Amino acid sequence: MGSNKQSTGLFDTLGMESVRTILTHTYPYPHEHSRHAIIAVVVGCLFFISSDNMHTLIEKLDNNIKWWSMYACLLGFFYFFSSPFIGKTIKPSYSNFSRWYIAWILVAALYHLPSFQSMGVDMRMNLSLFLTIYISSILFLLVFHIIFLGLWYVGLVSRVAGKRPEILTILQNCAVLSIACCIFYSHCGNRAMLRERTPEQKNSNWFSLFKKEERNTLLAKFLRMNELKDQVCSSWFAPVGSASDYPLLSKWVIYGELACNGSCPASSDEISPIYSLWATFIGLYIANYVVERSTGWALTHPLSVEEDDKLKKEQMKPDFLDMVPWYSGTSADLFKTVFDLLVSVTVFVGRFDMRMMQAAMTKVHDGAQQGDLLYDHLSEKEDLWFDFMADTGDGGNSSYAVARLLAQPSIQLSRGDSVATLPRGDLLLIGGDLAYPNPSAFTYERRFFCPFEYALQPPSWYKQEHIAAKKPELPEQLSELKEYDGPQCFVIPGNHDWFDGLHTFMRYICHKSWLGGWFMPQKKSYFALQLPKGWWLFGLDLALHCDIDVYQFKFFSDLIKDKVRESDSVIVMTHEPSWLLDWYWNDVSGKNVEHLICDYLKGRCKLRIAGDLHHYTRHSYVSSEGPSHAQQNEGPVHVQHLLVNGCGGAFLHPTHVFRNFNKLYGTTYESKAAYPSFEDSSRIALGNILKFRKKNWQFDFIGGIIYFILVFSNFPQCKLNHILQDDSFSGHLRSFFGTVCSAFLYVVEQSYVSLAGVVLLLITAICFVPSKVSRKKQAIIGILHVLAHLAAALILMLLLELGVETCIQHKLLATSGYHSLYQWYQSVESEHFPDPTGLRARMEQWTFGLYPACIKYLMSAFDIPEVMAVTRSNICKNGMESLSRGSAVIYYASVFLYFWVFSTPVVSLVFGSYLYICINWLHVHFDEAFSSLRIANYKAFTRFHINPDGNLEVFTLAVDKVPKEWKLDPDWDKEVKQAQKLSHHRKFPSKWSATAGHQDPVNTVRIVDHFVIRQTAQTDSVSGNGSVNR
């Protein structure tokens, strides 16, 4: 083991990962607007805000605790809603939608509260101005792009210009442009600076700060931020001149206010600085776009070909998929998985079985059956190394980390004071569940084959679409399978592979010859391997029955009678560890497997290995040699060791819920190793409370809708004065929770929609509780679970209603109808934006009234709180019957937009707490409670060695932390690659290594369990050199 020290950059030293995300391209997402423009807008906003006296904000709030509370609640809920997306690079996804959604409704709510004017931000003016500029910019840029594409179509610009811009890019550019203009207006106004200035004024600009005679006042000028701000406004953003300077534009420009003392005798002839700023940004965007699209390859490839290729290699990253979002409410794959499972269970189980089809298609004459199912080409070796892993094909990082270790020619590990070298296995056994969440061409190729092909490349002649019609398809110059010296792979299917009736498994495993650089001679879904020194391996296919079928049983029972000697040892590989799951569910499964092991193998089964549970555990039989153990085993020991290792790449499962297992087939077992340890497993479960929403933000779609349905009938709450009028804090709380109880009784006694939602949720919650507990406990757990959600939903509903009611009582909402923002802007616009040429009237005439109508209704649609408050007031005054159906839809939609933001963090917190309590206190929901965490760490595989003495030495190797960032391995890139040389002969077979060398799996892998199974009747020994977790 070793560690590669990487040079530490400035950002790493300062721990400024968030700054790195903003300033560098983490994802190759093609933003056509400049990041520097966004940064400049943010910096400018902070500069202008800091230039004003912020202490007056506290005075504006009149020392009233309710406004502080309202700000804290509003900002708190919005923060918790957006917290999963903070620090992530903007890309077209639900994450990007949430950013814009939050910005919209947060600003729409904040501008009604008192008051941001103390920070130099006139929220109402900025909002109305922003919306006007935003719509104008979008229309202008859309017209520009249409004209530009027309020029490309007729051939007046280069072919590169034919790439259409993304609508999202145009919207983002217009938003940045509009925000910049609003910030300027907030702090500089729309005053038209006089062109005739005194010499002192002309020399008084930004650069005068650095004149020699004024250096002694430099600090004083920086301290007087208001003066500095005025200099920035007058020097950097001065208007371009008057309309008389540009006679052609005199009727098409926006004018500024006249700068004069007292009343001005005439209107201004100066062009508005806001207009000039907007025109400058639009011009820069158009110029940048035209130059970039017209010059083509030269600007996008400024480097030489060699330098460009070198840079591309340095920036190359694997296209791994993320862990499967099991709690996503928007994943089509998950819905398909549920559908496939229902079809497989209800239609195929008991009616159609692919294993019977395999048996029917197998030729039974001339011994061909054994050739399809029995492989003895490894039996003559002097010794053999082979690997076992299961449950891969989830997250790309975790799957590749394990595949990279499997592909290494050897792994060096520290064992006490010595270093052990474990060579790569000649055989790789995979215990099922090859891709999640369902078997399909996409999931097999991207989640299963892709990581293995990166770890060990297939032969150069291999084609992905090739179908192996006659296996084994050996490389050239080889006539027998035993002559092939490279690594081979045998796979059994798991329950996820059976969701489509084994169709994808048969296509990609039984009819393909290569898994990356591992050769696959396998023809059927089950097999037997004759290994050296009298060892055998039986790979059983349990399907969805958790048992083998009669044809499979016949093959293995005949094999035992004809081939397996009394002195031989057998390893039985299944997908599911029935010994743990039967104990956990208090069930009995796999009767045919039990019959095969107990009545046919008769003690020759030394080891059972399985996956399905995504952790590592080993249980060994308790020897009855001593008198204290004489009565522990009720009969012969049918299986000596029980090993579970499903850490091949899927999410982690807990170990502590299985700590009390101790008996199988009448034999007593004790836990010898667990990874992660029982204590660590219990601690990891706490992440459901702290991280559920961060890991499962797609759950928002379901959670928000459920909470809204639960309280739908309670909107609106018209009688809340008793809560607001109490004098003491305890009185407020009493009134508040009394109203919550009243709302609960209303749901039970009078509502229809909410009661139906409660009943459906209760049925779902009770059915969701595992059948491991009694029906009485199921009902109790389900009822408590639903009550927690209902109480949280009612509290959130009442908080939202209290906020709206408070604003209405203080004349901040519902003052002048649905179009209050537009009416206010109209009056301010006529005062501060003069229109001496009648431009607005002409635009209204030419657009047939669409110009003011679009702005009017856009402002109304933006101002969701005003719509909600006005409709709420009408309902409380005239009753729900006074509303039309359309008005009712608008009201509930406006309520949902805010209630969804408030409810999603809370529903995740309540549900995550439920999972934590269930897994750590009740030991139920082990699958649901850990699939929610999507843990890519704690990955492992088991390496076996049949030594020349015939003993089986077992090493379990694990990586505690899986890297998230990968780079092109320079050693792999430098190594000479010959077309006819198979990849397993390379010294560096894997394409990607961890970006941080000390996190690479090759450097962090360690032994977590080590034991020896002896071929003879001697007792097994367990080495103390390995690190064993108990």
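Source: prediction; values computed, not measured.

**What to know about the confidence of the model for the chain**
Summarising the model, the chain shows a mean pLDDT of 80, and 75% of its residues fall at 70 or more. Contacts from residues 1–34, a stretch scored under 50 in pLDDT, to residues over four places away or in other chains number 55 contacts. Predicted confidence is poor over residues 364–368, with pLDDT under 50, and the contacts of this stretch with residues over four places away or in other chains come to two contacts.

**Some words on the packing of helix 7 (residues 123–153) against helix 33 (residues 850–862)**
A packed helix pair is summarised by two numbers, namely the angle formed by the two axes and the spacing between the axes. The geometry of helix 7 relative to helix 33 is characterised by a closest axis approach of 10 Å and an angle of 125° between their N-to-C directions. In terms of orientation, helix 7 and helix 33 fall into the oblique class. The crossing of helix 7 and helix 33 is right-handed. The residues of helix 33 that touch helix 7, namely those facing Leu127, Ser128, Leu131, Thr132 and Ile135, are Ile855, Leu858, Met859 and Phe862. Residue composition of the contact of helix 7 with helix 33, by class: seven nonpolar, two polar and no charged.

**A word on the nonpolar core**
Core analysis: the largest hydrophobic core is formed by 197 residues, its most contacted members being Phe386, Leu531, Phe538, Tyr707, Phe715 and Leu952. At 18 residues, the largest contribution of residues to this core is made by helix 35 (residues 885–922). Aside from chain neighbours lying at most four places away, what touches Tyr707 is His789, Ala792, Ala793, Leu796, Phe899, Ser903, Val906, Val907 and Val910. Judged by nonpolar contacts, the second largest core, of 50 residues, contains Tyr400, Met506, Ile509 and Ile1007.

**Structural notes on a positive patch on the surface**
Where like charges cluster on the molecular surface, the positive patch consists of Lys691, Lys694, Lys695, Lys961 and Lys964. Locating Lys695 in the fold gives a position in helix 25 (residues 687–695).

**Re the pairing of strand 7 (residues 427–430)**
Residues Leu427 and Leu429 line one face of strand 7 and the alternating positions Leu428 and Ile430 line the opposite face, and both faces are buried. Bridge analysis of strand 4 (residues 384–389) against strand 7 gives four bridges, and the strand direction is parallel. Of the residues in strand 7, the one forming a bridge with Phe386 is Leu427. Of the strand pairs in this sheet, strand 7 and strand 8 (residues 488–491) are connected by four bridges, and their pairing is parallel. Bridge pairing links Leu428 to Cys489 in strand 8. One crossover worth recording links strand 7 to the parallel strand 8 by way of helix 19 (residues 441–455), and it is right-handed.

**Things to note about helix 35**
Helix length check: helix 35, at 38 residues, gives a terminal C-alpha distance of 48 Å against a target of 56 Å (1.5 Å per residue), a shortfall beyond 12%. The largest bend along helix 35 reaches roughly 35° and is located at Phe899. Of all 38 residues making up helix 35, 27 are buried, and the element is well covered by its neighbours. After helix 35 finishes, the residue His923 shows a positive phi value of roughly 60°.

**Some thoughts on the state of the cysteines**
Within this structure, the stated rule accounts for one disulfide. Between the sulfur atoms of Cys718 and its disulfide partner Cys876 the distance amounts to 2.0 Å. Measuring the twist about the S-S bond at about -85°, one finds the Cys718-Cys876 disulfide to be left-handed. Placement of the pair is Cys718 in the loop between helix 26 (700–711) and helix 27 (721–725) and Cys876 in helix 34 (residues 864–878), with a sequence separation of 158 residues. This cysteine, Cys182, is not joined by any disulfide, and Cys181 carries the nearest cysteine sulfur, 6.9 Å off. The exposure class of Cys182 is buried, given its relative accessible area of 5%.

**Concerning the side chain of Ser569**
Position of Ser569 among the secondary structure elements: in strand 13 (residues 569–573). The class for Ser569 is buried, based on a relative accessible area of 0%. For Ser569, the contacting residues outside a window of four places in its chain are Gly534, Trp535, Trp536, Arg604, Lys606 and Gln1015.

**Some remarks on unusual backbone geometry**
For residues besides glycine, phi is generally negative; the peptide bonds are generally trans as well. In this model, Tyr436 is joined to Pro437 through a cis peptide bond whose omega is -5°. Pro676 follows Tyr675 through a cis peptide bond whose omega is 0°. Take Pro676: it is sitting in the loop between strand 18 (667–675) and helix 24 (678–684). Even without a glycine there, the phi angle at Asp612 is positive, about 70°. One can find Asp612 in the loop between strand 14 (605–610) and strand 15 (616–621). The exposure class of Asp612 is buried, given its relative accessible area of 13%. Positive phi, close to 60°, is recorded for His923, a residue that is not glycine.

**A few points about the sheet that holds strand 14**
Strands sit in the order 3-11-12-13-14-16-15-18-17 across an open sheet of nine strands; the sheet is mixed. Each edge of the open sheet is held by one strand with a lone partner, namely strand 3 (374–375) and strand 17 (663–664). Here two bridges tie strand 3 to strand 11 (residues 527–530), and the two strands are oriented parallel to one another. Residue pairing in the sheet places Leu374 in a bridge with Ala528 of strand 11. Against the sheet, helix 21 (residues 550–562) makes contact with strand 3, strand 11 and strand 12 (535–539), and its axis sits at roughly 175° relative to strand 12, the strand it touches most.

**Quick notes on the pattern of salt bridges**
Using the criterion set out here, one finds 19 salt bridges in the structure. When the shortest N-O distance is used, the salt bridge between Lys317 and Glu965 registers 3.4 Å. Taken together, the positions of Lys317 in the loop between helix 14 (305–315) and helix 15 (332–348) and Glu965 in the loop between strand 20 (952–959) and strand 21 (966–968) put the pair 648 residues apart, joining distant regions of the chain. What makes Glu965 partly exposed here is its relative accessible area of 42%. Arg872 is paired through a salt bridge with Glu801; the nearest N and O atoms lie 3.0 Å apart. In this pair, Arg872 is assigned in helix 34 and Glu801 in helix 30 (residues 775–809), connecting sequence segments 71 residues apart. For Glu801, a relative accessible area of 0% corresponds to the buried category. One salt-bridge network, held together by shared partners, links Arg404, Asp969 and Asp1000.

Here is what the cut-offs are and how they apply
- Residues numbered from 1 in each chain as written.
- Predicted model: local features only at pLDDT ≥ 70, side-chain atom pairs only at ≥ 80, totals over all residues.
- Heavy atoms only, no water.
- pLDDT = per-residue confidence, 0-100.
- Contact = heavy atoms within 4.5 Å.
- Axes fitted to C-alpha atoms, helices over the stretch in contact; angles between N-to-C directions.
- Helix = DSSP H or I, 4+ residues; strand = E, 2+ residues; numbered from the N terminus.
- Parallel < 35°, antiparallel > 145°, perpendicular 65-115°, else oblique.
- Left-handed = near helix turned anticlockwise from the far one by under 90°.
- Nonpolar A, V, L, I, M, F, W, Y, C, P; charged D, E, K, R; others polar.
- Core = buried A, V, L, I, M, F, W, Y, C linked by side-chain atoms within 4.5 Å.
- Buried < 20%, exposed > 50% of the residue type's maximum accessible area, 1.4 Å probe, protein only.
- Patch = residues over 30% accessible without salt bridge, like charges linked within 9 Å, V, L, I, M, F, W, Y side chains within 5 Å.
- Areas by Shrake-Rupley, 256 points an atom, 1.4 Å probe, with all protein chains shown as cover.
- Salt bridge = Lys/Arg side-chain N within 4 Å of Asp/Glu carboxyl O.
- Lys, Arg positive; Asp, Glu negative; His and termini not counted.
- Charge placed at Lys NZ, Arg CZ, Asp CG, Glu CD.
- Pairing = 2+ DSSP bridges.
- Right-handed = clockwise from strand over helix to strand, strands pointing away.
- Expected span 1.5 Å × (residues − 1).
- Bend = angle between axes of the 7 residues up to and from the residue.
- Disulfide = S-S within 2.5 Å.

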